[in-house]
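As a plain string of letters, each chain reads:
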Amino acid sequence: MELRVNCGGGEYTDTRNNYWSADQPDTPGGWGYGPNRNSYSTANPVSGTSDPRLYQTESWFFGGNGYYRFTVPEGDYKVTLKFAEIYSGINPANPRIFSVALEGEPVITDLSLLQTAGMYAATDGTFHTTVHDGILDVDFMKGSENPKISAIEIISE
């Protein structure tokens with residue numbers, strides 16, 4: 001099973017000919033984002049990737065925390081989370097900091113995209129997780145600013 005989501009954006013086929021689904025709200029038995037979600041996009045170029053379009057959109061979660069849920073068969077998954085700081089209103093003196101958990105387990109703690117990659121620069125994290133209940137949970141927790149995500153790739157192992 002493979003599922004790719006262009007968070008905050010529309011359908012997209014990348015340079016490796018992988019299809020990325022348009023973002024959508026969570027639906028029972030399906031997949032999508034939870035409440036308190038907004039989207040943002042930029043036309044600014046994003047460095048560090050052969051697919052900058054994936055990083056020029058984002059889902060961000062206002063008021064604190066947010067999530068994506070995916071109905072998948074029980075089993076082991078490789079999850080790649082794609083990020084870029086594209087919002088020019090972020091203050092470098094007080095950067096966006098947030099955390100991410102997969103299946104309730106922290107995988108990213110206190111991430112600052114400005115400190116990790118810089119402005120308009122792609123950075124990815126790949127993690128392995130096991131789903132026992134048929135729902136792959138990706139949770140975003142606010143630190144100093146609202147959490148965000150550019151794209152999510154899920155591949156069964």
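Residues numbered from 1 in each chain as written. Predicted model: local features only at pLDDT ≥ 70, side-chain atom pairs only at ≥ 80, totals over all residues. Heavy atoms only, no water.

Here we take up the side chain of T123. Residue placement: T123 occurs in strand β11 (residues 123-131). A residue is classified by how much of its surface remains accessible, and T123, at 18% relative accessible area, is buried. Sequence-distant contacts of T123, that is, excluding residues within four places in its chain, are made with Y55, L81, K82, F83, L113, T116 and A117. (Helix = DSSP H or I, 4+ residues; strand = E, 2+ residues; numbered from the N terminus. Buried < 20%, exposed > 50% of the residue type's maximum accessible area, 1.4 Å probe, protein only. Contact = heavy atoms within 4.5 Å.)

Of all hydrophobic cores here, the largest spans 27 residues; its most connected members are Y68, F70, L81, F83 and I152. Sort the elements by how many residues they give to this core and strand β8 (residues 75-83) lands first, with four residues. By size, the runner-up hydrophobic cluster in this structure holds ten residues, among which are Y12, Y55, A122 and A151. (Core = buried A, V, L, I, M, F, W, Y, C linked by side-chain atoms within 4.5 Å.)

The three strands lie next to each other as β5-β6-β13, forming an open sheet whose pairing is antiparallel. Each edge of the open sheet carries a strand with a single partner, namely β5 (37-41) and β13 (148-149). (Pairing = 2+ DSSP bridges.)

Of note, H132 is situated in the loop between β11 and β12 (135-142). Taking the relative accessible area as the measure of exposure, H132 reaches 61% and is therefore exposed. On a C-alpha basis, the gap between H132 and V72 in space is 9.8 Å, while along the polypeptide they are 60 residues apart. In this view, H132 contacts E74 and E103; residues no more than four positions away in its chain are not counted.

So far we have only geometry, and geometry alone does not tell us how the molecule works.
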